[in-house]
Amino acid sequence: MMRSARNRSVITPFAVAVVLAASVAGSQTTPTRERRAETPRSVRLYVFDCGTLHIADMTRFRLTAEDVATTDLSVPCFLVAHPAGTLLWDAGAVPDASWKPTGAAVKHRLVLPGGTERDLTMHKTLTPQLAEVGYSVADVTYLALSHYHYDHTANANALSRATWLVRQAERDAMFAAPPPAVTRPATYAALRESKTRIIDRDDFDVFGDGTVIIKSAPGHTPFHQVLYVKLAKTGGVVLSGDLYHYAAARELKRLPTFDVDQDQSALTRAAVERFLKESGAQLWIQHDFTANAKLTKSPRYYD
């Protein structure tokens, strides 16, 4: 169910798609002013707009422009608000400090290490979206990234006061010399000194009650992961990371050419599909522009 944010008492600094079914609905109101968020009685899931990535070469996804409704990819960020704290899942493609919102679409070009360029369209920075629902970056208890690619790490430095939930090998790779391909290490350099909780199991129960679980999903990168969120009214949702980029990839069983382990990706997809069937959860393909456009964005939320 989608609802609006309300007040809560202040938490301590260390206390932080295919697609939503069309039938999910509920009362919706938008706060008239920014305020401190209340501690929720049950889990809430906020969806933030962190840009649109424009894809010119579909061969990298083993798809054609005719296979998809649009070649564009959404770049969302998510905040999970739990009675025991908050978790930010994925941190966008462009750091807030790198551009200035104008009230209209802003074109932005990123240059990755090695000179590869990526074009995006931006509308909102992340920090004001957090503030609109009553949180500052200091209120984020936990930070977790689906993986280390640049379009998931952009604002990680701003969230370095949160406890970073990461698998040891993923952390080691991020700070290796040279770093992995398609990364921007400068955007997450501050995490080196962050308070860190190493994930040492396939399924990591963030708050200990089964409502927010980070699940191992290797293949796209060696230690890629997805997030399961169990919502009281909406039901279970799996945030895909880059398990799929397009709905067509799921339907046609196409793997990107740049998945580091193609065989493992296929096995992981099969395992996640079994979990979806067994749990009844929805899969939100994070980069699916068409599906993401249908999701209710903050300041409203799913509960």
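Whatever comes next refers back to the structure up there.
Let me begin by describing the structure that accompanies this report. It should be emphasised that the depicted structure is a prediction, and the values quoted were computed from it without experimental measurement. (Residues numbered from 1 in each chain as written. Predicted model: local features only at pLDDT ≥ 70, side-chain atom pairs only at ≥ 80, totals over all residues. Heavy atoms only, no water.)

1. Quick look at the overall build of the protein chain
Helix and strand counts for the protein chain stand at five helices and 15 strands. Burial statistics for the protein chain: of 303 residues in total, 55% are counted as buried. Surface accessibility of the protein chain: about 12700 Å² in total, with carbon and sulfur atoms responsible for 53%. (Helix = DSSP H or I, 4+ residues; strand = E, 2+ residues; numbered from the N terminus. Buried < 20%, exposed > 50% of the residue type's maximum accessible area, 1.4 Å probe, protein only. Areas by Shrake-Rupley, 256 points an atom, 1.4 Å probe, with all protein chains shown as cover.)

2. As for unusual backbone geometry
One can expect most non-glycine residues to show negative phi and most peptide bonds to be in trans. Put simply, A177 and P178 share a cis peptide bond, and its omega is -5 degrees. Checked against the element boundaries, P178 lands in the loop between α2 (168–174) and β9 (196–199). Across the junction of S298 and P299, the peptide omega takes the value 15 degrees, indicating a cis bond. Position of P299 relative to the elements: it lies in the loop between α5 (289–294) and β15 (300–302).

3. Observations concerning the environment of D209
Along the chain, D209 falls in the loop between β10 (203–205) and β11 (212–216). By relative accessible area, which is 43% here, D209 ends up partly exposed. Within the structure, the side chain of D209 is placed 2.7 Å from the side chain of H82, a separation counted as a polar contact. (Polar contact = N/O pair within 3.5 Å; in protein donor to acceptor, adjacent residues only side chain to side chain.)

4. Considering the pattern of salt bridges
With the rule as written, the count across this model stands at eight salt bridges. A salt bridge links D139 to R36; the shortest N-O distance between them is 3.1 Å. With D139 in the loop between α1 (126–132) and β7 (142–144) and R36 in the loop between β1 (2–4) and β2 (44–54), the pair connects residues that are 103 residues apart, well separated along the chain. When the shortest N-O distance is used, the salt bridge between E38 and R44 registers 2.8 Å. Connected via shared salt-bridge partners are R109, E117 and D119. (Salt bridge = Lys/Arg side-chain N within 4 Å of Asp/Glu carboxyl O.)

5. Focus: empty space enclosed by the protein
In this structure, the largest cavity occupies an estimated 130 Å³ of space. If you trace the largest cavity, you find 15 residues lining it, with R60, Y150, D151, H245 and F258 closest to the centre. The class makeup of the residues in the lining of the largest cavity is seven nonpolar, four polar and four charged. (1 Å grid on protein atoms, 1.4 Å probe; cavity = no way out; pocket = protein on both sides within 12 Å on 5 of 7 lines; lining within 4 Å. Points joined across faces, edges and corners; volume = space filled by probe spheres on them. Nonpolar A, V, L, I, M, F, W, Y, C, P; charged D, E, K, R; others polar.)

6. A look at the environment of L53
Here L53 is to be found in strand β2. Residue classification places L53 among the buried positions, given a relative accessible area of 4%. Taking the C-alpha atoms as reference points, L53 and D72, separated by 19 residues in sequence, lie 5.8 Å from one another. If we skip the residues at most four places from it in the chain, L53 touches D72, L73, V75, R118, D119, L120, Y150 and D151. (Contact = heavy atoms within 4.5 Å.)

7. Topic: the packing of aromatic side chains
Aromatic ring pairs are described here by two measures, namely the spacing of the ring centres and the angle between the planes. Following the criterion strictly, the structure yields eight aromatic pairs and no others. Taking the centre distance of 5.2 Å and the plane angle of 65 degrees together, the rings of W284 and Y302 count as edge-to-face. Here W284, found in strand β14 (residues 282–284), pairs with Y302, found in strand β15; they are 18 residues apart in sequence, far enough to count as distant. Take W284: its relative accessible area is 0%, and that puts it in the buried class. Through a chain of ring-to-ring contacts, the aromatic side chains of F61, Y246 and F258 assemble into a single cluster. (Phe/Tyr/Trp six-rings, centres within 6.5 Å; stacked < 30°, edge-to-face > 60°.)

8. Quick look at helix α4 (residues 262–279)
Along its 18 residues, α4 runs 26 Å from first to last C-alpha, staying within 8% of the 26 Å computed at 1.5 Å per residue. Of the residues making up α4, those classed as buried are S265, T268, R269, V272, F275 and L276. Angular distribution of buried residues about the axis of α4 spans 125 degrees; they occupy a single face of the element. Facing away from the buried side of α4 by over 90 degrees, the exposed positions are D263, L267, K277 and E278. The elements touched by buried residues of α4 are β11, β12 (225–231), β13 (235–239), α3 (247–252) and β14. Near the N-terminus of α4, the side chain that reaches the backbone nitrogen of D263, with its oxygen 3.3 Å away, is that of D261. With its phi angle positive at about 75 degrees, G280 sits one or two positions after the end of α4. (Expected span 1.5 Å × (residues − 1). Arc of directions from axis to C-beta.)

9. Focus: the pairing of β9
Sheet analysis places strand β8 (residues 163–167) next to β9, joined by four bridges and oriented parallel. Bridging across to β9, R167 finds its partner in I199. Once you follow β8 into α2 and on to β9, the crossover reads as right-handed. (Pairing = 2+ DSSP bridges. Right-handed = clockwise from strand over helix to strand, strands pointing away.)

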